[in-house]
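# Survey of secondary and tertiary structure
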Protein chains: 2
Amino acid sequence: MKNRITDLFQIKYPIISGGMVWCSGWRLAAAVSNAGGLGLIGAGSMYPDILREHIRKIKIATNKTFGVNVPLLYPEIDKLISIIIEEKVKVVFTSAGNPKTWTSLLKENGIKVVHVVSSSKFAVKCEEAGVDAIVAEGFEAGGHNGREETTTLALLPQIKQVTSFPVIAAGGIATGNGMLAAMVLGAEGVQIGTAFALSEESSAHINFKQRALSIKEGETALCLKKITPVRLIKNEFYKRVEEAECKGATAEELRELLGRGRAKLGIFEGNLEEGELEIGQVASLIKKIKPVKQIVDEIIQEFNQSASEINKLEFPL
Amino acid sequence: MKNRITDLFQIKYPIISGGMVWCSGWRLAAAVSNAGGLGLIGAGSMYPDILREHIRKIKIATNKTFGVNVPLLYPEIDKLISIIIEEKVKVVFTSAGNPKTWTSLLKENGIKVVHVVSSSKFAVKCEEAGVDAIVAEGFEAGGHNGREETTTLALLPQIKQVTSFPVIAAGGIATGNGMLAAMVLGAEGVQIGTAFALSEESSAHINFKQRALSIKEGETALCLKKITPVRLIKNEFYKRVEEAECKGATAEELRELLGRGRAKLGIFEGNLEEGELEIGQVASLIKKIKPVKQIVDEIIQEFNQSASEINKLEFPL
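Notes on the structure in this doc start here. Please read all numbers here as calculations on a predicted model, not as lab measurements.

### Notes on the sheet that holds strand S7 (residues 143-144) of chain B
All names here are of chain B. Across the sheet, three strands lie side by side as S7-S11-S10; this open sheet has antiparallel pairing. Two strands in the sheet have a free side with no partner beyond their single neighbour: S7 and strand S10 (220-223). Bridging between S7 and strand S11 (residues 230-233) involves two bridges; their strand directions are antiparallel. The residue of S11 that forms the bridge with Gly143 is Arg231. Lying over the sheet, helix H11 (residues 236-246) contacts S10 and S11, oriented at roughly 45° with respect to S10.

### Thoughts on the relation of the copies chain A and chain B
For the pair chain A and chain B, the superposition axis carries a translation of 0.0 Å, the fit reaches an RMSD of 0.0 Å, and the rotation angle comes to 180°. This pairing of chains is accounted for by a two-fold axis. Residue A:Gly248, judged by its C-alpha, is the member of chain A lying nearest the rotation axis, at 1.9 Å. Here 100% of the contact residues of chain A are again contact residues in chain B; the copies associate through an equivalent surface.

### Quick word on the side chain of A:Ser199
Residue and element names in this part refer to chain A. With respect to the helices, strands and loops of the structure, Ser199 is situated in the loop between helix H9 (194-197) and helix H10 (206-214). Using a relative accessible area of 0% as the deciding quantity, one classes Ser199 as buried. A polar side-chain atom of Ser199 sits 2.7 Å from the main-chain carbonyl oxygen of Phe196. Setting aside residues no more than four positions away along its own chain, Ser199 makes contact with Leu28, Lys209, Ile289, Lys290, Val292 and Ile295.

### Points about the nonpolar core
Core analysis: the largest hydrophobic core is formed by 173 residues, its most contacted members being A:Ile15, A:Met179, A:Phe196, B:Ile15, B:Met179 and B:Phe196. Each residue touching A:Met179, except ones within four places of it in the same chain, is listed here: A:Pro14, A:Ile15, A:Ile173, A:Val190, A:Ile299, A:Ile300, A:Phe303 and B:Phe315.

### What about empty space enclosed by the protein?
For the structure on display, the rule yields four cavities of 30 Å³ or more. Here the largest cavity is characterised by a volume of approximately 60 Å³. Among the elements of the structure, helix H7 (152-162) and helix H8 (176-184) of chain A together with helix H7 (152-162) of chain B are those that each provide at least two residues to the lining of the largest cavity. Tallying contributions element by element places H8(A) first for the lining of the largest cavity, with three residues. Class assignment of the residues belonging to the lining of the largest cavity gives a composition of eight nonpolar, three polar and no charged.

### Here's the deal with the interface of chain A and chain B
Facing 54 residues of chain A, the contacting portion of chain B comprises 56 residues. Of the roughly 4,900 Å² buried where chain A meets chain B, counting both sides, 62% is carbon and sulfur surface. Summed over the shared surface of chain A and chain B, the result is zero salt bridges. For the pair chain A and chain B, the number of links is 17 residue pairs in polar contact (both at pLDDT 80 or more). Elements with a contribution of two residues or more to the side of chain A that touches chain B: H7, H8 and helix H14 (292-310) of chain A. If one sorts the elements of the side of chain A that touches chain B by residue count, H7(A) sits on top with seven residues. Of the residues contributing to the side of chain A that touches chain B, the split by class is 25 nonpolar, 19 polar and ten charged.

### Here's the deal with the pairing of strand S11 (residues 230-233) of chain A
Consecutive side chains of a regular strand alternate in pointing toward one face of the sheet and then the other. The alternating pattern of S11(A) places A:Val230 and A:Leu232 and A:Arg231 and A:Ile233 on opposite faces, both of which are buried. Between strand S10 (residues 220-223) of chain A and S11(A), which pair antiparallel in sequence order, lie six residues; one of them, A:Leu224, sits at a positive phi of approximately 55°.

### Topic: the pairing of strand S6 (residues 133-137) of chain A
Residue and element names in this part refer to chain A. In terms of residue burial, S6 counts as a mostly covered element, since five of its five residues are buried. As paired strands, strand S5 (residues 112-117) and S6 are joined by four bridges and run parallel to one another. Note that in S6 the partner of Val116 across the bridge is Val135. Running through helix H6 (residues 120-129), the crossover from S5 to the neighbouring parallel element S6 is right-handed. Relative to strand S8 (residues 167-170), S6 runs parallel, the two being bridged by four bridges. Across the sheet, residue Ile134 finds its bridge partner in S8, namely Val167.

How each quantity is defined
Residues numbered from 1 in each chain as written. Chains lettered and ligands numbered in written order. Predicted model: local features only at pLDDT ≥ 70, side-chain atom pairs only at ≥ 80, totals over all residues. Heavy atoms only, no water. Pairing = 2+ DSSP bridges. Helix = DSSP H or I, 4+ residues; strand = E, 2+ residues; numbered from the N terminus. Contact = heavy atoms within 4.5 Å. Axes fitted to C-alpha atoms, helices over the stretch in contact; angles between N-to-C directions. Least-squares fit on C-alpha atoms with pLDDT ≥ 70 in both. Buried < 20%, exposed > 50% of the residue type's maximum accessible area, 1.4 Å probe, protein only. Polar contact = N/O pair within 3.5 Å; in protein donor to acceptor, adjacent residues only side chain to side chain. Core = buried A, V, L, I, M, F, W, Y, C linked by side-chain atoms within 4.5 Å. 1 Å grid on protein atoms, 1.4 Å probe; cavity = no way out; pocket = protein on both sides within 12 Å on 5 of 7 lines; lining within 4 Å. Points joined across faces, edges and corners; volume = space filled by probe spheres on them. Nonpolar A, V, L, I, M, F, W, Y, C, P; charged D, E, K, R; others polar. Buried area = accessible area lost by both parts, 1.4 Å probe. Salt bridge = Lys/Arg side-chain N within 4 Å of Asp/Glu carboxyl O. Right-handed = clockwise from strand over helix to strand, strands pointing away.

Quick look at the structure:
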């Protein structure tokens, strides 16, 4: 099977890894590209020089297409963009900002641009900005998330109603059935965060991976909505946030409580009580750490199996 | 196509209408059953005598199976249950309470029992209680909702992992593609609230229907979480709730702000500013008021069309 997403990136499977802070270095991105998907280096947690190093390493680790995810609120964004252009990266996923700011420059340099949105209103803005595709990310996704709280199931058909360009579904997808469901709803590809964050090749700390694998359904929550909404595991730090929010803490008070570097502390350094443990709702579906190749193969096998069974479903009119 | 849900209720399509307060009287329920699905009378907003009246009317309006939805927190629940047994209703959907309390009595009287849950933990309790099937309701659903905030996409596979009995998906489903996506994720039927609440046969006020049809994505929110979480349209009343919650209002303060009868005021009497306007996220997908028969036929047509196309999707391994 081929579609606009496999054609756009010249990939075998329309499976893209999330550009996740502290998880998505060259090793994870290369493994995803080598497995037939599109691997993304997550630049959000990298200094510009570190990003350059990761780009140079991935070029050695794979000859397949890879991309870089850039949060547009990154303080030295111009440096990141320069490095991406200099290093001739072919694909950039942007998020958390206005798609108009950098799309033209990137496209003039022959780069495919995809922007992440959580509403159809922003999907329309992306189309106007000339991006090649969008990621539609639902409420169930881990980490930073939209204010509308629209779920993947409700968001995809909304976006298909107002745009005609290719849509990649994100949030709540970790299996072949999840991927097939997203494609039934009009997606032409899926972005998978949680499952890859918990893979062997993810650079997240083993403590973080094991904690995330152990959670049950309902043990993540979207919080810090007065600053930037983020989905976290309900650990000690979360409980303090919850208590503060329950009492009506202001954005400023929450910013103080949050401090700096908590995502690194939790995800990369493995401090399970004081760190921000960013993960999606589907973490509770995942039971063990696997290599990326196995994750991708299992998704595709389940997808094919379910797709072949589904056409037996037909109701009399 | 037949499955455990169509067999259980002896229905043509595994489409069940939500038991929605102030929307689901005998007229809506009969229309859904006559269209090939399973119509439910929503007893939550009815005095016991009114429920009896609706049951007697639906028996005249359809010879197909219908059911009654009973919120288990209803104050005079024993009266409702007696009427249901006396009137020989064949199907009861229970929600908002412990499934163990009434399931045995209902089943001894030959009644099929389905319980609504929003987590796999409660799904297991339902299986232990001996219900015939469950409804798995996601975060995107309208009206009262679970505390875990798990979305339909994330919830369905979780529930399939821990139970083996038939699952009906609810929340975020208003189209044939949504129904097919839910079935890909393991559901054997769907419960549709929003689309039927906005149908011709719904007893909701025309003001409510028109307001719900006009909303854009992101214009509903889950609120009143310190009392009972409920998804509402963001109207004047919601804004007062939001403001109070933002400042850390207690459950008691919120209960006072809520007062009594706001769902009736909004949905049945059409007071768009002061009422609670309960509706699901998919309302923004729906553009006009249609008769139930047309809604069901369009869902089935889209479902069949998509199911027949989906088997062309196959990836090389």
